[in-house]
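# Coordinate analysis (summary)
So the chains spell out like this:
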Amino acid sequence: MTVDDTWLTVPDYAERLGTTASHVRELLREGYLFAVRRGERSTLQIPAATIVEGEDGPEVVATLRGTLTLLRDAGFADEEAADWLMAHEEELGTSPLGALCEGRRAHVRRLAQALL
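If you're wondering where the values come from, they're calculated on a predicted model, not measured in any experiment.

### Some details on the environment of Arg72
- Within the fold, Arg72 resides in helix H3 (residues 64-73).
- For the pair Arg72 and Leu115, spaced 43 residues apart in sequence, the C-alpha separation works out to 11 Å.
- Look past the residues within four positions of Arg72 in its chain and what remains in contact with it is Gly31, Leu33, Phe34 and Asp78.
- Only 3.3 Å separates the side chain of Arg72 from the backbone oxygen of Leu33, close enough to count as a polar contact.

Structure representation (structure tokens):
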């Protein structure tokens, strides 16, 4: 699976998710998402690939929060977690985020736990 490497600002992410920017900021605060400062204006951005099509429309990858918790417990800042989640992982044949989107949570978490 090829992961969309598009990064979205909070308002653009909210629009694509079908919600408000304040709800996206709440998801960030509660650890469901990660964001990094990017671009020439250093705006807070979230990978578009964290949005998947659910039964009721677009939603955040459900298993992302637990994986982020593992990475943060390992001492990863959001920028480092983003790098790890978005980088191609030979063992997975895709990025960890791509594998999460495919439903391969256990394999991704095993790799993340090896970082502890």
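Next comes the rest of the description.
### Brief notes about the packing of H3 against helix H4 (residues 78-86)
- With their axes 10 Å apart at the nearest point, H3 and H4 run at an angle of 120° to one another. One finds that H3 runs oblique with respect to H4. The handedness of the crossing between H3 and H4 comes out as right-handed. In this structure, H3 uses Leu64, Thr67, Leu68, Leu71 and Arg72 to contact H4, whose residues at the interface are Asp78, Ala81, Trp84 and Leu85.
- Grouping the amino acids of the contact of H3 with H4 by side-chain chemistry returns six nonpolar, one polar and two charged.

### A short note on helix H1 (residues 10-17)
- Within H1, the full set of buried residues consists of Val10, Tyr13, Ala14 and Leu17. Relative to the axis of H1, the buried residues are bounded by an arc of 100° and lie together on one face.
- Contact partners of the buried residues in H1: strand S1 (7-9), helix H2 (21-29), strand S3 (43-47), strand S4 (51-54) and strand S5 (57-60).
- Just past H1, the residue Gly18 takes up positive phi, approximately 80°.

What counts as what
- Residues numbered from 1 in each chain as written.
- Predicted model: local features only at pLDDT ≥ 70, side-chain atom pairs only at ≥ 80, totals over all residues.
- Heavy atoms only, no water.
- Helix = DSSP H or I, 4+ residues; strand = E, 2+ residues; numbered from the N terminus.
- Contact = heavy atoms within 4.5 Å.
- Polar contact = N/O pair within 3.5 Å; in protein donor to acceptor, adjacent residues only side chain to side chain.
- Axes fitted to C-alpha atoms, helices over the stretch in contact; angles between N-to-C directions.
- Parallel < 35°, antiparallel > 145°, perpendicular 65-115°, else oblique.
- Left-handed = near helix turned anticlockwise from the far one by under 90°.
- Nonpolar A, V, L, I, M, F, W, Y, C, P; charged D, E, K, R; others polar.
- Buried < 20%, exposed > 50% of the residue type's maximum accessible area, 1.4 Å probe, protein only.
- Arc of directions from axis to C-beta.

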